[in-house]
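# Summary of the model geometry
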Amino acid sequence: MIQDFEELRNSLQNAPERTLAVAAAADDQVLLAVDHAVASGWCHAILVGDVPQIQAILAQHGLVDRGYRFVQEADPVTACRRAVRLVRNGEAQVLMKGLVDT
């Protein structure tokens, strides 16, 4: 059993490749976290939402495109449904909530 964040980080280094689907990804903190995870080699990311807004946030923070896949869905509810569908059909293994009401 994982006891702390260091053990969690270490387990991610040796885990099989996985893809994260981010629903309504146009959020500063979400994109910073995703960028860190991708840069660390923990996952790949599919960013679902308002793509021009997502790209503007990435640029605003000086984040480079790390091979992200972008899926245009301007409506947050539709973006959530699309991200869930990506996980259901096996294109992603992990779902992450972005800027959307719970």
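Use the structure listed above.
## Some thoughts on the overall build of the protein chain
- Helix and strand content of the protein chain: four helices and four strands.
- In the protein chain, the order of α-helices and β-strands from amino to carboxyl end is α-β-α-β-α-β-α-β.
- Relative to the 2.2 N^0.38 estimate, which gives 13 Å for 102 residues, the radius of gyration of the protein chain is 14 Å and therefore close to what a compact globule would have.
- Its C-alpha atoms give the protein chain principal-axis dimensions of about 40 × 30 × 25 Å.
- The contacts in the protein chain between residues at least 6 apart in sequence include a share of 64% that link residues at least 24 apart.
- Here the protein chain displays about 6200 Å² of accessible surface, and carbon together with sulfur accounts for 53% of that area.
- The average position of the 9 basic charges and that of the 13 acidic charges among the side chains of the protein chain differ by 7 Å.

## Structural notes on the pattern of salt bridges
- All chains considered together, the criterion is met by three salt bridges.
- In this structure, Asp 35 and Arg 66 form a salt bridge, with 2.6 Å as the shortest nitrogen-oxygen distance. Here Arg 66 lies in the loop between α3 (51-60) and β3 (69-72) and Asp 35 lies in helix α2 (residues 28-39), a separation of 31 residues in the sequence.
- The exposure class of Asp 35 is buried, given its relative accessible area of 8%.
- Residue classification places Arg 66 among the partly exposed residues on the basis of a relative accessible area of 36%.
- For Glu 73, the salt bridge is made with Arg 82, and the minimal N-O distance between the two is 2.7 Å.

## Topic: the pairing of strand β2 (residues 44-49)
- Of all six residues in β2, five are buried; the element is thus mostly enclosed.
- Of the pairings in the sheet, the one linking strand β1 (residues 19-23) to β2 comprises five bridges and is parallel in character. By the bridge assignment, Thr 19 is partnered in β2 with His 44.
- Handedness of the crossover joining β1 and β2 through α2: right-handed.
- Sheet topology places β2 next to β3; four bridges connect them, and they run parallel. When the sheet's bridge partners are listed, Ile 46 is paired in β3 with Arg 69.
- Running through α3, the crossover from β2 to the neighbouring parallel element β3 is right-handed.

Rules used throughout
- Residues numbered from 1 in each chain as written.
- Predicted model: local features only at pLDDT ≥ 70, side-chain atom pairs only at ≥ 80, totals over all residues.
- Heavy atoms only, no water.
- Helix = DSSP H or I, 4+ residues; strand = E, 2+ residues; numbered from the N terminus.
- Rg over C-alpha atoms; globule rule 2.2 N^0.38 Å.
- Contact = heavy atoms within 4.5 Å.
- Areas by Shrake-Rupley, 256 points an atom, 1.4 Å probe, with all protein chains shown as cover.
- Lys, Arg positive; Asp, Glu negative; His and termini not counted.
- Charge placed at Lys NZ, Arg CZ, Asp CG, Glu CD.
- Salt bridge = Lys/Arg side-chain N within 4 Å of Asp/Glu carboxyl O.
- Buried < 20%, exposed > 50% of the residue type's maximum accessible area, 1.4 Å probe, protein only.
- Pairing = 2+ DSSP bridges.
- Right-handed = clockwise from strand over helix to strand, strands pointing away.

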